Structures are given as C-alpha cells and as structure tokens.
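# Fold and contact review
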Amino acid sequence: MTLTKKDFLGLYDTDAEEIEEILNTARAMKDILTRSVKKVPTLRGKTVINLFYEPSTRTKFSFNLAAKRLSADVMSISKSTSSITKGESLLDTAKTMEVMGSDVVVVRHSSPGAAKFLAENISAAVLNAGDGAHSHPTQALLDMYTIREKLGRLAGLKVLIVGDIAHSRVARSNIWGLKKMGAEVSVVGPLTLIPTEIEKMGVKVYSNLDKALEGADVVNILRIQMERQESGLFPSIREYRELYGMNKERLKKAGKDLLVMHPGPMNRGIEIESSVADSSQSVITEQVKNGVAIRMALLYLLAGREIKNEDID
Amino acid sequence: MKILIKNGRTVDPKNNLDGKYDILIKDGRIEEIAEEIKIPGLTTDSSIEIINAGGRIITPGLIDMHTHLREPGYEEKETIKTGCEAAAAGGFAAVTAMPNSNPVADNPAVVEHLKLKSTRSAVKVYSVGSITKKSEGKTLAEIGTLAKAGVKALSDDGQPVMNSEIMRRAMEYARAFDLPILSHCEDLNLSGDGVMGEGYYSTLFGLTPIPKASEEVMVARDIILAEMTRIHLHICHMSTEGSLSLVRDARKRGVNVTCEVTPHHLILTDKAVKDYNTDTKVNPPLRSKKDVEALKQALSEGEIDAVATDHAPHTYEDKLGEYDQAAFGISGLETAVSLIYENFIKTGLIGWNELVKLMYVNPARILRLEVEGLKAGSCADITVFNPNNSWTVEKEKLKSKGKNTPFAGFELSGKNEITIVEGKIVYDDRGGKDEILY
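Note that the structure is a prediction, hence the values are computed from the model and not measured.

### Side note on the overall build of chain A
- Check the secondary structure of chain A and you find 12 helices and nine strands.
- Computed over its C-alpha atoms, the radius of gyration of chain A comes to 19 Å, within 12% of the 20 Å expected for a compact globule of 313 residues.
- Projected onto its principal axes, the C-alpha positions of chain A cover 55 × 45 × 35 Å.
- Burial analysis of chain A (313 residues in total) assigns 58% to the buried set.
- When contacts within chain A are restricted to residue pairs at least 6 apart in sequence, long-range pairs at least 24 apart make up 73% of them.
- Element-wise, carbon and sulfur atoms account for 50% of the exposed surface of chain A, whose accessible area totals about 13,100 Å².

### Details of the environment of B:Leu398
Residues and elements named next belong to chain B.
- Looking at the secondary structure, you find Leu398 in the loop between strand E17 (391-392) and strand E18 (411-412).
- In this structure Leu398 comes out as buried when scored by relative accessible area, which is 8%.
- Distance in space between the C-alpha atoms of Leu398 and His234 is 29 Å, their sequence separation being 164 residues.
- Not counting residues within four places of it along the chain, the set of residues in contact with Leu398 comprises Glu334, Lys403 and Thr405.

### Quick look at the packing of helix H4 (residues 164-174) of chain B against helix H7 (residues 213-229) of chain B
Residue and element names in this part refer to chain B.
- Between H4 and H7, the shortest axis-to-axis distance is 9 Å and the interhelical angle comes to 40°. Put simply, H4 runs oblique to H7. The handedness of the crossing between H4 and H7 comes out as right-handed. Contact residues: H4 offers Ser164, Met167, Arg168, Met171 and Glu172, while H7 offers Arg221, Asp222, Leu225, Ala226, Met228 and Thr229.
- Considering only residue class, the contact of H4 with H7 consists of five nonpolar, two polar and four charged.

### Section: the sheet that holds strand E9 (residues 259-261) of chain A
All names here are of chain A.
- Across the sheet, which stays open at both edges, the five strands sit in the order E7-E6-E5-E8-E9 with parallel pairing between neighbours. The two strands at the open ends of the sheet, each matched to only one other strand, are strand E7 (204-206) and E9. Taken over all neighbouring pairs, the strand axes of this sheet differ in orientation by 20° on average, direction set aside.

### A short note on the pairing of strand E1 (residues 47-52) of chain A
Residues and elements named next belong to chain A.
- By the criterion of burial, E1 is predominantly enclosed, with six of the six residues buried.
- Across the two faces of E1 the burial is the same, with Thr47, Ile49 and Leu51 and Val48, Asn50 and Phe52 all buried.
- Pairing analysis gives six bridges linking E1 to strand E2 (residues 73-78), with the strands arranged parallel. Looking at the pairing, Leu51 lines up with Ile77 of E2.
- In this fold, the crossover linking E1 to E2 by way of helix H2 (residues 58-69) has right-handed handedness.
- Looking at chain direction, E1 and strand E3 (residues 104-109) are connected through five bridges and run parallel. Looking across to E3, one finds that Asn50 is bridged to Val106.

### Some words on the domain arrangement of chain B
Residue and element names in this part refer to chain B.
- Domains assigned within chain B are domain 1 (2-58 + 376-436) and domain 2 (62-366).
- Computed over C-alpha atoms only, the centres of domain 1 and domain 2 are separated by 27 Å.
- Domain 1 puts 40 residues into the contact, and the matching count from domain 2 is 45 residues.
- Three residues stand out in domain 1 for area buried against domain 2, namely Lys401, Asn404 and Phe407, and they jointly supply 21% of the buried area on that side.
- The interface formed by domain 1 and domain 2 includes three salt bridges.

Definitions and cut-offs
- Residues numbered from 1 in each chain as written.
- Chains lettered and ligands numbered in written order.
- Predicted model: local features only at pLDDT ≥ 70, side-chain atom pairs only at ≥ 80, totals over all residues.
- Heavy atoms only, no water.
- Helix = DSSP H or I, 4+ residues; strand = E, 2+ residues; numbered from the N terminus.
- Rg over C-alpha atoms; globule rule 2.2 N^0.38 Å.
- Buried < 20%, exposed > 50% of the residue type's maximum accessible area, 1.4 Å probe, protein only.
- Contact = heavy atoms within 4.5 Å.
- Areas by Shrake-Rupley, 256 points an atom, 1.4 Å probe, with all protein chains shown as cover.
- Axes fitted to C-alpha atoms, helices over the stretch in contact; angles between N-to-C directions.
- Parallel < 35°, antiparallel > 145°, perpendicular 65-115°, else oblique.
- Left-handed = near helix turned anticlockwise from the far one by under 90°.
- Nonpolar A, V, L, I, M, F, W, Y, C, P; charged D, E, K, R; others polar.
- Pairing = 2+ DSSP bridges.
- Right-handed = clockwise from strand over helix to strand, strands pointing away.
- Domains from an automatic or database assignment.
- Buried area = accessible area lost by both parts, 1.4 Å probe.
- Salt bridge = Lys/Arg side-chain N within 4 Å of Asp/Glu carboxyl O.

Okay, structure coming up:
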C-alpha cells in the first residue's frame, strides 16, 4: 500500500503512484458494487464520521454508502442539526467525534484549509470531502477514474474545464490530479471567474468556449452559482448560457468522441442543456456511481491499513 | 539616581552622533554625552548605575507610530499595560495608539482615559483621534476638540473612509490643526471578503483574494485629495509596488505625503500563508515577492519614511481554526527591531543611522513630536540593542497578550537589551533577565 500519510487532504501533494494506487483500488471496489450482495466486511468495527458543514447530497450520500458497503459504522453530522449551530468550533466538534472513537473523519467545510486544520489537531485520519474553493480530491479522483474507464488512459488527453474556475475546488483538484497523470488541462469561463495566475498551475486559459472545445477529449462542465451573477461577476444567466453553456450545437461541432462530464448538481438549461446531459456522450451518472467506488477505496486505504489485501475479496 | 552608559556605539542622526560615546543620565534627563565620561570614585558610588554597553548600539528610545493597544473595549486582546510592556521589551520608548478601541477615540474622554492610564505604563503613549465619529466614515469627529485633547494625528485605521467627499472635508478641516492624516488605504468593495493577497498563491490555496488595487486606488485617491487640500498625508502600512510608485510620483509633484511599512510586509510574502497559518492573516495582506522586493529596495534607498509595527494583538481563539474566519492582524512590537536588524542592517542594506531615522526621527517628525534625541538636557528615552544576542521567537515568551506572530520559530541574531524611559530602566535583558521594571 503506498498511501502512507495519516490523512488524505488533496491531490496537490499526492503523487502519480498514489493516484494510481487509489484508482486501482477503486476498480476492485467497483467490482463489489456490481455483485448481488454489495457489501464486504472489510471495515467491520471501524467508525467513519461524516462531518458536513455545507449542504451536500451526493458527496455525503456517497461517503455514507461507501462506508456501509465496507461494513464500517458510519454517522453523519450536519451543520444545521448539531451543536455547530450553538457556536461549537470545528476543532471541538471534531475532538468530540474523536474521543467517541472514530477512525476516519470525512469533512466538508466552506473554509479552505479546514481539512488540513483538523488533520493537524486530531489523531483520526481526516478525509477531505471539499474545503472551500481549495480542494475536492474525491471528486477529481472519480472524474479521473471515469475518464480512464471510458477512454482507457489519462496521459495525453485534452481535458477542458468550463465555468466558475475561481470558486471551484473541483477545478483545482482536477488540475492537480490530471496534470500528474499526464493529461493536458485547459480552463474556460468568463474572465471574472478565472483566478489570477492560474497559468502557473500549468493550464491553458480560454475565454471563448468554442475555441477551447477544439481538439478536446473531455469537457468537464462546472455548476454556475446564481450568487456569482448577483455579486456582479457576470451580467446575466441568459448571456452565460449563450457564451458558456454546453448545448447540442456545440456538442455536435465537437464531435462524437467528446466525453461530457459534470460534477453535479446541474443547472439544467443553464451551463448544460438537457439534451447534452442526457446524451450518449455524457457520463454524468457514471461519475456518481464511480464516486462510491473511489470513496470506498479511500476509506479502505485510510482505515484498513492493517487489514490485508485479500480481505476485500 | 544616575545612570552611566559606557562604551557603546551611540547612533543618533538627529544630533549627528555616530561613534563611541558615554551617556550620563540624571533625574530623567541626559546630563552629559561625551567620548569618555570620567567620574571620580565611580566604582564605589552606589548612586550611579553603570551600564557597560560595549558592543551594544545606543539609540534614542524608538517610537512605534502604529500600535493597537486595544483598550478600552478589547482588553482580552491587549491592555495599555501589556501593550506598553511589549513595546518596552521590543525596544520602543513610545507607541502611538490607533483610535479603533471601543468606544472609538473620537472624543476627548477616550483620549483622556488613554493619557491617564499611560502615565502608569512602561512606555509613553501618543494618541491618534478618529477622522469620523465611531470611525463609521459618515460624519466628522470633533477634530478640533481632539486636537485640543492632544492627539498627534487623525486616522480611521481599520475602517477606511470610503466616501471621498467625507475624506476631502476631513482633510480640509484638519488642516487648521496641523494634524497629519494617517490613512489606512483600502477600497472595501475591492477587498470584499478577501483574506489574502491576490496572486498565484491565493489561486493555489483557494482563499478569497484581496487585490493590490484595493490599496492602490485609495492611495491614489488620498494623494489627490491631499494635493487638493494641502495637508500632510501619511500612508499607513504600505504594501505594494504600485502604492510606492504613486507615493514617489506625488512627491515629485511636491505633495506632502509620507509612508510607513511594517516589518512583516518587508520580510514575508504571500507564500507564507501556506499551511493556512492564521498568524499570517493580516490587513493589508502579505503580498507577492515582487512587492516585497520593491519595498525592500525602497527602504534601502531611503524612500520609506518609517517602519511601524501595526501591532495588532489578538487572542488565541481569534486566531484558532479556519483561515477565512480568523482575525486579521500580527503582534509585532517585540520582533520589529530584531527583524529589521536581521534583514536590513546585518545584510548591509541599511545602517543604524537609517534604522533610527525609520523608527525614531521620521515618526517623530510626522507626528510633530517635540523630541530632541540624544543630547545634554533632553529627556532620557534610550534604547540599547545587543547585536550579538541570538534568540528564537517564542510565542509564550511574548509580553504582549497577542501571541499572534508569524515569526514564531525564527532565529534572530540581535535583541533589544535595555529600554530607558525618562531616565528609568523599564526593560532589562542583561544576562537574559527579560524583566519589565517600572
């Protein structure tokens, strides 16, 4: 097993070999998910806490399911239904979880660096399920897994990420991960939503979607948040759709081999037309499915370190 | 009680002193400065304390022109007492209290309170009044009354006056009282919810950025308004190359503008935010390497008027946890002189004369303080620095209540050894005593 760090915080400091390890482990996990009995005893007796400070449907559900498939005891805490609303700090909440005996704390938080902060302060393994605009490694891993499953490789592929790059942890994690696996990454969006000096992360920047789509193998379309328009970062939803929306004309022009992805939740009819989201080129539902496998892989790699490999069979 | 400081290198550009001089202090005043002061029966005279300052640098008691003492209102962060002790330990004989206490120093009662409490503190405290009532940027504070109460300058530090019309009128009105405006230049719309300097690292760390422009547009605005109203504008904690060039151009036109830079903006870059260390969270934020290099060069070429700490103490809890939710500010009084020594004097970028200009002569000139430096008859405010006393910055050893320093763990080769205020030793670190005495 190559994943040796206590925590899994992001892809910035994960190397290609470790990514490879996670993706391969996920493949074994996906096999489990296709069986009629979709559960293995691997993490029996282990406790996983999902600490979600931000609303989330798929990530939380996915982590829950992943833990359950591995027979871990899993509990989820949301901001609105816990002592967090009484002003308890992130640290105290996590320490409480820790002394109750959790092995892995999965954390989703709106502050960049929150997962790292936790990791430094508790002895349980911390798994980053998204920290502000910084990092969302499991999403990037499931995206990479999906691409590799569909196209057979990552190296040399041209991946385009569309939309609000500035506020996107998905974009950053995808850039780190894909670059390490040898893919070429470009980003496109309104220039107000492209963060400063992102070129230094080794990506090409476009402001014109049609140009950016030329030669792309994969397009990953990000969710556009309505509050960005309200805060003056782009003029209207109508104009956004026209300039940066993925529609069937653009899909047709890009060709049949373009793989269409979206991390969800989608604004159908805004950043992505339904005809595109539901097309044969779309792997959006596949992404969700693979998400469970990726999260199983990471939970196993973090919590099941002392457990032998054979046990997952 | 007399004190005789012997064998040190005395540096005071105000009095054209740089060399080996002995200083005799009596009744709070400097009695004599001479190459060698000989007193018969000195070694047996118990009424004279002798400071052997061989290898030490003796300067006028340094002045910090930008300090947050937090009292009244935020005594959990700092008090006048603890802030002044921190200043004494850091080599300052005086600090300048910014008005953003609670209540704000927008009225003579708060100024009087500060004055009264500081008579019992380790070092001198100069006060700054607010520009607008409650520093809300809406209506002018009673500037004339504040002037009468003894404030040395006006500032809405921390809460920039966003309304240009109010700022214009404040400047115009203040001119009658010969008070400089210390401007915290920040366009709050451009800063938004930002928490660190905009650039590659803010992109990498996913933290909401504060653009350089948020400082620069206000530096430009305030220069234009100062030019129009013919007042003395002082730019606080200048942090970007662009601001520097605006100040440079304004000076060429003859605008009365001065500027200060903090040690942290001269030494740390935005890269230090790595690992989300909340002690690096400060406003203005740490900037890019290019900005830091430009400021360093400007400092070594004499274009910066003052080095000020912007000492902004916070509690442990204020800085605990998520980066974007932590308080802005760095506790700076106890590291400033050692940091400037380490990074500028030791490296040969500036000499001791320049340090004294940056941390004594110019702050005094900007604030119109009636100080005379090291000469016979003047008030005995003196700092004795030991350039060969290496130490490691440790949070828990700070006298300030604010342990929020990004320099924790830094090894520095020189340290303030003695601070004398009005002829009395208020800080003594001889033999590593690290004692506050007053």
